Every structure is written in C-alpha cells, then in structure tokens.
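# Breakdown of the fold
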Amino acid sequence: MKLCVAQAKAVKGDIRSNIENHRKIIDLAISHGADTIIFPELSITGYEPTLAKELAIAVNDGCLNDFQHISNTQKVTIGVGMPLKVDAGITIGMVLFQPDQERDVYAKKYLHADEDPYFVSGQSTVSLLGEEHDVALAICYELSVPEHVEDAYKCGAEIYVASAVKSTGGIDKAIARLAEIGEQYEMTVLFANAVGESDGFECAGRSAIWDNTGVLVEQLDATSEGILLFDTKTRQALAVMI
C-alpha cells in the first residue's frame, strides 16, 4: 500500500477552483503509485469557519462526483475536506471516495473551543482504512486529544494520518505531538497540512512522515504545494514538490 498526504493551498470559499487543484495533485500522486490520498482539513473550501454555513453540502452532493469517478477508474482512495450538513448542524468532514463504493465520511469528533460556534461534533461512517484495516484518521485538533489516538491504538491502528490546518504559531507544537504519537504508540504517522492563508492566519505547511519510533523521515517545506508518499511494504518515503 502506498499512502499519500497532500500539502495544498485553498482559494477561500472557491469550491470549483479548489476541486480543479485537487485533481492536479491527485494526478501527480497517482503518477507516483499512490493508492490512498488524504488532503488537509476542509481542503475543498479552505478552513473558513465563518463561511461554513454558506458552503456546507450534503455528503452526496454532485459537486464532488469527479472524485468518485477518479476513485473508480484509478482504483484509489481519496479523502477531501468539506463542511457537511447533518441533522444537528454542520460537521468538519472528510469525504472518502473508495473504488465502486458508497461515499464514507470521517467526521471530526473533538472540536477546538473556537470551532464550537460554527460546527458540531461529527459521527463517522468509517473507522480504519487500508487493506489491513490499520490506518486511523484524525482531523487537526484531534491529534492533541489523548483519547483520540488511544482509541485508534486500541482498535488496531498501526498508521495514523492527520489532516490539518496548522498555523505558523501552532505548527511546532503539532509536530512535537505527532512525533510523540509515533514513538509512544509505535505507529507510522503522516501529516497533511495546508499552505497559504486561511481564516486570517498563515498556514504553516511542513507536512511530514514519522516512522514508528517517532523519527522524522520526510517533510515538505513551509510554503509550497506538494505530496508525501509512504510505501507500507518497503517503508520508504518520497517527497514531491509542485
């Protein structure tokens, strides 16, 4: 299995433009053999909580159909970030497209206090991904919540993939925590962060991969779009800048 995390720049609220950019990044990842591709938090709209109500969609909205087509034809799993409408309000969702399957959702369960006015805690329709069902997902603040990684570990996760929008002020703490998760739980850790501006702050990039001892094995820079790939069989990592 070859996992990929994407470091992408979103255009504020521009769903169509961001989908096109996702397609380009997905094409690049597929050309390097990726079979699972995970994007940053709310990657299709940008991380813009004040616009979430305006931009939120139902999980089966047709605007995302291109990703299902790519998944079906290329036999890849794709996870993109989107505010989703649910009965209780709006969740921070990752819509998961898998070959010839109904859409699944990984929804952010643990919210930061700043998100409470705009979002509700989400309910996921998927637990672990991958051929061995050993890939756990997290969205941003969740990586800081001990119960989250503990639950993933108890469910048998050996790989932890965090989709995030971390600012230049918060990136060092997040990186230290992800390395700690790798060491403490003996998990391989992948981190997809955004670049560019979101919600009035500068996203810090520096998407990365740590091995299951917490050692950093590959990392992107702070400003460029790109992808990181990890081969679960060979344990090799690759960085590709755009």
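To keep things clear, this report deals only with the structure shown in the data block. Throughout this document, residue positions are counted from 1 along each chain, in the order its sequence is written. Reporting in this predicted model follows two pLDDT cut-offs: at least 70 for local features of residues, and 80 or more for side-chain atom pairs to be given and counted; totals over whole chains, interfaces and linings ignore these cut-offs and use all residues. Values reported for side chains reflect all heavy atoms of the structure, with hydrogen atoms and water molecules removed beforehand.

### Side note on the pattern of salt bridges
In plain terms, the rule: The working definition used for a salt bridge is a side-chain nitrogen of Lys or Arg within 4 Å of a carboxyl oxygen of Asp or Glu. Each helix is a run of H or I in the DSSP string that is no shorter than four residues. Each strand is a run of E no shorter than two, and both are numbered from the N terminus. Here's how the labels work: a residue is buried when its accessible area is under 20% of the maximum for its type, exposed when over 50%, partly exposed in between, all with a 1.4 Å probe on protein chains only.
Tallied over the full model, the rule gives six salt bridges. Note that aspartate 172 and arginine 206 form a salt bridge whose closest N and O atoms lie 3.1 Å from each other. Linking aspartate 172 in helix α5 (residues 171–185) with arginine 206 in the loop between β10 (201–204) and β11 (208–210), this pair joins segments that are 34 residues apart in sequence. With a shortest N-O distance of 2.6 Å, glutamate 180 and arginine 177 are connected by a salt bridge. You can see glutamate 180 and its partner arginine 177 sitting in helix α5, three residues apart, about one turn around the helix. Its relative accessible area of 40% is what places glutamate 180 among the partly exposed residues. Bridged by salt links that share partners, the residues Glu41, Lys108 and Glu115 form one connected network.

### Side note on unusual backbone geometry
A positive phi is found at histidine 133, a non-glycine position, where the angle reads about 50 degrees. Following the sequence through the fold, histidine 133 ends up in the loop between β5 (104–107) and β6 (135–139). Positive phi outside glycine occurs at arginine 206, with the angle close to 60 degrees.

### Focus: the environment of valine 95
Condition: When checking whether two residues touch, look at their non-hydrogen atoms; a contact exists if any pair is within 4.5 Å.
Of note, valine 95 is situated in strand β4 (residues 89–97). Overall, the relative accessible area of 0% leaves valine 95 in the buried class. Each C-alpha atom, one on valine 95 and one on glutamate 131, is 19 Å from the other, the two residues being 36 residues apart in sequence. Sequence-distant contacts of valine 95, that is, excluding residues within four places in its chain, are made with Val59, Leu64, Ile78, Gly79, Val80, Met82, Leu84, Arg103 and Asp104.

### What about the pairing of strand β9 (residues 195–198)?
Under the convention used in this document: If DSSP finds at least two bridges between two strands, the strands pair.
As paired strands, β9 and β10 are joined by four bridges and run antiparallel to one another. Opposite valine 195, over in β10, you have alanine 204 as the bridge partner. Between β9 and β10, which pair antiparallel in sequence order, lie two residues; one of them, aspartate 199, sits at a positive phi of approximately 50 degrees.

### Description of the packing of helix α4 (residues 146–154) against α5
The cut-off we apply is this: To define axes, lines are fitted to C-alpha atoms, for helices over the stretch in contact only, and angles between the resulting N-to-C directions are given on a 0 to 180 degree scale. Helix crossings get a hand from a simple test, with the near helix turned counterclockwise from the far one by less than a right angle marking a left-handed crossing and a clockwise turn marking a right-handed one. Amino acids are sorted into nonpolar (Ala, Val, Leu, Ile, Met, Phe, Trp, Tyr, Cys and Pro), charged (Asp, Glu, Lys and Arg) and polar (every other residue, Gly among them).
Between α4 and α5, the least distance of the axes is 12 Å, while the angle of their chain directions is 35 degrees. Both α4 and α5 take part in a crossing whose hand is right-handed. Residues Pro146, Val149, Glu150 and Tyr153 of α4 pack against Arg177, Ile181 and Tyr185 of α5. Class assignment of the residues belonging to the contact of α4 with α5 gives a composition of five nonpolar, no polar and two charged.

### Side note on the sheet that holds strand β2 (residues 36–38)
Taken together, the seven strands give an open sheet; going across it, the order is β5-β4-β3-β2-β1-β13-β14, and neighbouring strands pair in mixed fashion. The strands lining the two open edges of the sheet, one partner per strand, are β5 and β14 (237–241). For this sheet the average axis-to-axis angle between neighbouring strands, irrespective of direction, equals 30 degrees. Two strands pair when backbone bridges link them, and strand β1 (residues 2–7) and β2 are joined in this way by three bridges, in the parallel orientation. Residue pairing across strands places leucine 3 opposite threonine 36, the latter belonging to β2. In the packing of helix α1 (residues 15–31) onto the sheet, the strands contacted are β1, β2, β3 (77–86), β13 (226–231) and β14, and the crossing angle to β13 comes to about 40 degrees.

In short, geometric facts, not functional conclusions.
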